[in-house]
Amino acid sequence: MEFDLKTIETLAPDQASLSSASKLTKQSNWPRLEKNEQLALIWGECQGSGSNPYRVVVDTGDHGYKCTCPSRKFPCKHTLALMWIAATTPASFTAAGSTPEWVNDWLGRRRKTTSQSAPSAPGAESKNIGEASRDDESAAVEDAAAIERRETAQRKRAQETRSSISVALDELDQWIADQLRLGLAGFVDNSGDRCRRIAARLVDMKATALAGRIDEIPSRLMGLRSEERPDAAIRELGKLVLLAKAWRQAPDDAELRRLVSTSESREQVLANPDAIQVESVWEVLGERIESRRDGLVSHSTWLLDQNSVIPRFAQLLDYFPASAGRRSNAFTSGDRFEAKLVFYPARQPLRALVVERKGDIASGKWPDFSLGASDPLAAHGARQDSAPWITDSPVILPPGAILLDDRGAAWWQAAGDPSGIALSIAGTINATLLGLNLAATAALWNGSQLDLLAAQSGFGRLDLS
Amino acid sequence: MNEIEQTGLAAMRDCWITGGAAFDLAPAAWKTIAGNANPDERERRLLAIAAQAIEIALRPAAPKALKQRPPLPELALPILPERLRPLLRAALKHAADARFKTRVATLVASRGFVLHPLDWMPAASYREVPDVYAAWVDWQAGVDGEKQSRREQLTAQTWDDFYPAARRTALTDMRRTAPALARQLIEAKGSSEPAEVRSTLIELMGVGLSADDAPFLKSLFADRSGRVRELAGRLLARLGEHGNLSDGTPEDLTAELAAFISEGKSGFFRRRTTYAPLKLKSPSQESRRVDLFATCYLGDLAARFSVTESDFVGAWQFGFDDKADLFFIRMVSVSGGEAAVAHLADTLVAEGGKAVLLALHLMARLDSGRKRALIRQILKDTYDLHALIQVEGVEAGWLEWGDLTNGQTLPTLRSPVARNDEPLRRSVDQILETLGFLVTAATAEKLIGDVVAAGMAPAAPSLGLLRLNASLVGP
């Protein structure tokens, strides 16, 4: 590996990037560090501030690089950190015989540059890698001095936010009552404008998360058949009523605060003694990367616990600005790895962070959850009992198959239950699925439709995401 | 939820859809929960209860007309191992169209595996798929899903139990092993099939074609389908049964074509007869000659000049008119006898250079050995490596490293890679993809090493099929 600190200093876009990179050089931030000397490549997965890891690859020959983070600094702090580790502790990298698929993808797309180093950016001479290392220590001293001031300010801001949200929820209540008075048929037809207006008011009054949720209602309704939309509108608005009432009862409740205003930081979750930690083998069921109306892109990775006797799911959820461009997937569907996850405190913990990721595990069958066909949505119902504001639930469906109705729409139905429950499937499906008997199916249920993630069948694991 | 609540919920729902207060319509128990709050608050509370009732208490009922497809049949070969599927998907992603994707499936089948059905499924309409996929082709075609292909002997009794693809595969096999039996089946059952299916069945007669088939083929001149009559005429022509047998080649057309061909002599000591296309005066004459080549049969034309097919083919002077050469070869391909086709292919391959490329038009009629010889010659000459991408119907995974080093193939591939010449590299990408289908696993590995050493990115998408090939070993 051909890195020295001088090269990293030259490549860094500014001093701040170097300082940030220096904090990421700890081994604990990198569950995977690998190299292939034949291909002159190093790569790793950095557990950054998001729930999903960032994947970084660097060509040590020509210093080309790629990181999946949304940063607009090139190279970003993760790339610089990876180079930094390569320069200072090259033994941290495990030799790998083959390159992962995401590295191959990048190699296949990139154009090789002939220059061996990037030109110095303006102000490059002012960057200093030694100073970056010292930044840490001095910052720690400054933080200690500012803690009290910051906490006071935080308390004040929290109080102001709570008052503001309370007013926001009053407006929301009134808005809901208006929709009922004006008629849900009109609401469904004009949901885009109506939801946008109230969402904008909620953002002004710091109920940001709730605003984002309301902004998504139109697209959720439009994804359904027209005859399903009124019921879906009742569900969506009814859940908002319940959520607003619950928040008023317990505004400091972490789950409710997350759903109404803002989410706690990664550090807060890690430091929270109430946050459940689960160490197990997790399989990546699939990812959902969706552009939202508020200009953010939500990136969810759904995991299934392979050691649990009942289906236990985890959702790694990140948001980033749509302007940051398309983001590469953090995982490949079907990946299995051993990891310790911490769940955001909630009545039905689902959203999680990776605390520590250990080795990858070979794929195999899912555990036998011995699910009966009587009510494939029983788990969803149980979640609703304790957290009725939840919209989407991951479920494992019992043995079944996918069938078509006379309009060509797809339905999942339990095996041996031709007159029982049939669950509508969102979007179009691969026609081959119609010929496969599904031993178990993982999907997201939104109250009206299934969004298929993965399944087990006689043909092995099926990636349906 | 009891019946009263269901009725109340339905009434409230209707009320909210049109707009208005639903409190009076609510079930009594729900009214109690909604309490004595102000009217707006009462409506919101009822809305919350209704939302949860819809979410939890109601379950979607199955539509009456749900239709289930029969299970996708398991194929005779095992599914490609999971660890190789990423390589496969990369190769499929890079394959430009159904033809190239089918090549990937053919390569994998040649190593004893089939693809996972979610990675690739043969289209019902695409016939050039490996035989092992016949059951899936039929599954795709069997929209009604009423019957299954049976793995039993095709006979007149079981004819209707076979879907078209499985029947085609069985008949092709039978034409190789018991051609008379297959002919009798086609004769007995073909007449009741629609014209399109009938012509497909007659095409199969081309496999293992022999003089024994002539009476049946002659009987097809009474068929009501022009396409079937034309096919029968060509097959008969391949058997040497020429002379105005069908309604497609009246003798005066052959005479007209012969008039566009000059007969000459060459050689100083040993004078021999030659045939060459006449230099024509107008595009309309050229167009007419092209039409005549497409209509007439080689046997008739050779007879017109009182020589055998092989003699006529051997005496043809290539290089006077490229277009005439091309259409002459096509005529040989569709109506020439086996000997004439083999003779022409051997002549062109022996000549080398540009002539070899003309032999590509005979591919469909060549035996495996001649196909391989043709490809080896293209590689040896390196006149136009790009022509390789046109090869059709050839076996996968047999080309050895020595075939690539027996000429300028490797330097020709390396040069644009090393110079980063973008347009030429695209051509190299396509050639590498074709070679990925043709070469052995060991050769694939060596070839990857060679082009990577020349400067190609190790994970370049164009190496996808080669990487898959190199990783594929039998089950």
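Procedures and definitions
Residues numbered from 1 in each chain as written. Chains lettered and ligands numbered in written order. Predicted model: local features only at pLDDT ≥ 70, side-chain atom pairs only at ≥ 80, totals over all residues. Heavy atoms only, no water. Helix = DSSP H or I, 4+ residues; strand = E, 2+ residues; numbered from the N terminus. Rg over C-alpha atoms; globule rule 2.2 N^0.38 Å. Buried < 20%, exposed > 50% of the residue type's maximum accessible area, 1.4 Å probe, protein only. Contact = heavy atoms within 4.5 Å. Areas by Shrake-Rupley, 256 points an atom, 1.4 Å probe, with all protein chains shown as cover. Lys, Arg positive; Asp, Glu negative; His and termini not counted. Charge placed at Lys NZ, Arg CZ, Asp CG, Glu CD. Buried area = accessible area lost by both parts, 1.4 Å probe. Polar contact = N/O pair within 3.5 Å; in protein donor to acceptor, adjacent residues only side chain to side chain. Nonpolar A, V, L, I, M, F, W, Y, C, P; charged D, E, K, R; others polar. Core = buried A, V, L, I, M, F, W, Y, C linked by side-chain atoms within 4.5 Å. Pairing = 2+ DSSP bridges. Phe/Tyr/Trp six-rings, centres within 6.5 Å; stacked < 30°, edge-to-face > 60°. Lys NZ or Arg CZ within 6 Å of the ring centre and 35° of its normal. Axes fitted to C-alpha atoms, helices over the stretch in contact; angles between N-to-C directions. Domains from an automatic or database assignment. 1 Å grid on protein atoms, 1.4 Å probe; cavity = no way out; pocket = protein on both sides within 12 Å on 5 of 7 lines; lining within 4 Å. Points joined across faces, edges and corners; volume = space filled by probe spheres on them. Parallel < 35°, antiparallel > 145°, perpendicular 65-115°, else oblique.

S.K.: Outline the overall build of chain B, listing residues and values.
M.R.: Helix and strand counts for chain B stand at 24 helices and two strands. In terms of C-alpha radius of gyration, chain B reaches 32 Å, well past the compact-globule figure of 23 Å for 475 residues. Counting only C-alpha atoms, chain B reaches 120 × 60 × 50 Å along its principal axes. Within chain B, the fraction of its 475 residues that count as buried is 50%.

S.K.: Hey, could you go over the overall build of chain A for me, with residue numbers and the actual values?
M.R.: Helix and strand counts for chain A stand at 13 helices and 17 strands. At 24 Å, chain A has a C-alpha radius of gyration in line with the 23 Å of a compact globule built from 465 residues. Once the C-alpha set of chain A is aligned to its principal axes, its extents read approximately 70 × 55 × 40 Å. The buried share among the 465 residues of chain A stands at 52%. Pairs at least 24 apart in sequence give 64% of the contacts found in chain A among residues at least 6 apart. Of the roughly 20100 Å² of accessible surface on chain A, 50% is carried by carbon and sulfur atoms. For chain A, the centre of its 55 positive side-chain charges and the centre of its 60 negative side-chain charges are spaced 3 Å apart.

S.K.: An account of the interface of chain B and chain A is needed here, citing residue identities and associated values.
M.R.: Taken together, the contacts link 50 residues of chain B with 62 residues of chain A. Between chain B and chain A, a total of about 4400 Å² is buried, with carbon and sulfur atoms accounting for 64% of that surface. It is Arg44, Glu55 and Leu118 of chain B in chain B that bury the most area against chain A; as a group they hold 15% of the surface buried on that side. On the surface where chain B and chain A come into contact, there are 16 residue pairs in polar contact (both at pLDDT 80 or more). Listed by contribution, the elements that provide at least two residues to the side of chain B that touches chain A are helix H1 (3–18), helix H3 (39–57), helix H4 (85–94) and helix H6 (134–141) of chain B. For the side of chain B that touches chain A, the element with the highest residue contribution is H3 of chain B, accounting for 13 residues. A per-class count over the side of chain B that touches chain A returns 30 nonpolar, six polar and 14 charged.

S.K.: Please set out the nonpolar core residue by residue, giving values where relevant.
M.R.: Grouped together as the largest cluster of nonpolar side chains are 121 residues, with contacts concentrated most on Leu450 of chain A together with Phe312, Phe328, Ile375 and Leu435 of chain B. With sequence-adjacent residues up to four places away left out, Phe312 of chain B is seen in contact with Ile261, Tyr275, Leu298, Leu301, Ala302, Phe305, Val307 and Phe328 of chain B. Grouped together as the second largest cluster of nonpolar side chains are 54 residues, Trp175, Leu221, Leu224 and Leu256 of chain A included.

S.K.: Would you mind going over the pairing of strand S15 (residues 438–445) of chain A in detail, with residue names and values included?
M.R.: Residue and element names in this part refer to chain A. S15 sits mainly inside the fold: seven of its eight residues count as buried. Taken together, the five bridges between strand S11 (residues 393–397) and S15 define a ladder with antiparallel strand orientation. If you follow Ser393 over to S15, its bridge partner there is Trp445. Here seven bridges tie S15 to strand S16 (residues 449–457), and the two strands are oriented antiparallel to one another. Across the sheet, the residue bridging to Leu438 is Ser457, located in S16. Between the end of S15 and the start of S16, which pair antiparallel, lie three residues, with Gly447 showing a positive phi angle near 100 degrees.

S.K.: Now, about the packing of aromatic side chains: what can you tell me, with residues and values included?
M.R.: All names here are of chain B. All told, the structure shown has 15 aromatic pairs over all chains when counted by the stated rule. Here the aromatic residues Tyr275, Phe293, Phe305, Phe312, Trp316, Phe318 and Phe328 are joined through ring pairs into a cluster of three or more. Just above the ring of Phe23 sits the side chain of Arg42; from NZ or CZ to the centre is 4.1 Å.

S.K.: Describe in detail the sheet that holds strand S7 (residues 296–305) of chain A, supporting the description with residues and values.
M.R.: Residues and elements named next belong to chain A. Pairing is antiparallel in the open sheet, where five strands are placed in the order S8-S7-S6-S9-S10. The open sheet has two edge strands, strand S8 (313–321) and strand S10 (352–360), and neither has a second partner. For this sheet, the mean angle separating the axes of adjacent strands, direction not counted, is 40 degrees. Pairing of strand S6 (residues 277–291) with S7 involves nine bridges; the strand directions are antiparallel. Bridging across to S7, Trp282 finds its partner in Asp305.

S.K.: So what's going on with the sheet that holds strand S1 (residues 32–36) of chain A? Residues and values would help.
M.R.: Strand pairing in a sheet relies on backbone hydrogen bonds. The paired strands run either parallel or antiparallel. Residues and elements named next belong to chain A. A sheet is described by the order of its strands in space; here five strands give the open sequence S4-S3-S2-S1-S5, paired in mixed fashion. Single-partner strands in this sheet number two, and they are strand S4 (65–67) and strand S5 (94–95). Contacting S1, strand S2 (41–46), strand S3 (54–59) and S4, helix H3 (residues 77–88) runs over the sheet at an angle of about 55 degrees to S3. Set on the sheet, helix H4 (residues 101–109) makes contact with S1, S2, S3 and S4; between it and S2 the angle comes to about 125 degrees.

S.K.: With reference to specific residues and values, describe the domain arrangement of chain A.
M.R.: Domains assigned within chain A are domain 1 (5–127), domain 2 (150–260), domain 3 (266–360) and domain 4 (378–463). With centres defined by C-alpha atoms, the gap from domain 1 of chain A to domain 4 of chain A works out at 41 Å.

S.K.: An account of the side chain of Ser393 of chain A is requested, with residue identities and associated values reported.
M.R.: All names here are of chain A. Topologically, Ser393 is positioned in strand S11. Judged by relative accessible area, Ser393 falls into the buried class, the value being 0%. Of note is the side chain of Ser393, whose polar atom sits 2.9 Å from the side chain of His380. Every residue in contact with Ser393, bar those within four places of it in the chain, is listed here: His380, Arg383, Ala443, Leu444 and Trp445.

S.K.: Can you tell me about the domain arrangement of chain B, naming the residues and giving the values?
M.R.: Segmentation of chain B into domains returns domain 1 (3–57), domain 2 (149–239) and domain 3 (249–336). Using C-alpha coordinates to define each centre, domain 1 of chain B is positioned 71 Å away from domain 2 of chain B.

S.K.: Please set out empty space enclosed by the protein residue by residue, giving values where relevant.
M.R.: Residue and element names in this part refer to chain A. Per the stated rule, a full pass over the model turns up five cavities of 30 Å³ or more. Approximately 60 Å³ is the volume attributed to the second largest cavity. Along the walls of the second largest cavity sit Arg220, Leu221, Leu224, Ala232, Arg235, Glu236, Asn446 and Ser448, which together make up its complete lining. Elements with a minimum of two residues in the lining of the second largest cavity: helix H9 (217–222) and helix H10 (229–249).

S.K.: Residue-level account of the packing of helix H9 (residues 195–204) of chain B against helix H11 (residues 226–238) of chain B, with values.
M.R.: In a pair of packed helices, the angle between the axes and the distance between the axes together describe the arrangement. Residue and element names in this part refer to chain B. H11 packs onto H9 with a crossing angle of 10 degrees between their chain directions and a minimal axis gap of 9 Å. For the element pair H9 / H11, the angle class is roughly parallel. Contacts between H9 and H11 involve Ala195, Arg198, Ser199, Ile202 and Glu203 from the former and Arg227, Val228, Leu231, Ala232 and Leu235 from the latter. Taken together, the residues of the contact of H9 with H11 break down into six nonpolar, one polar and three charged.

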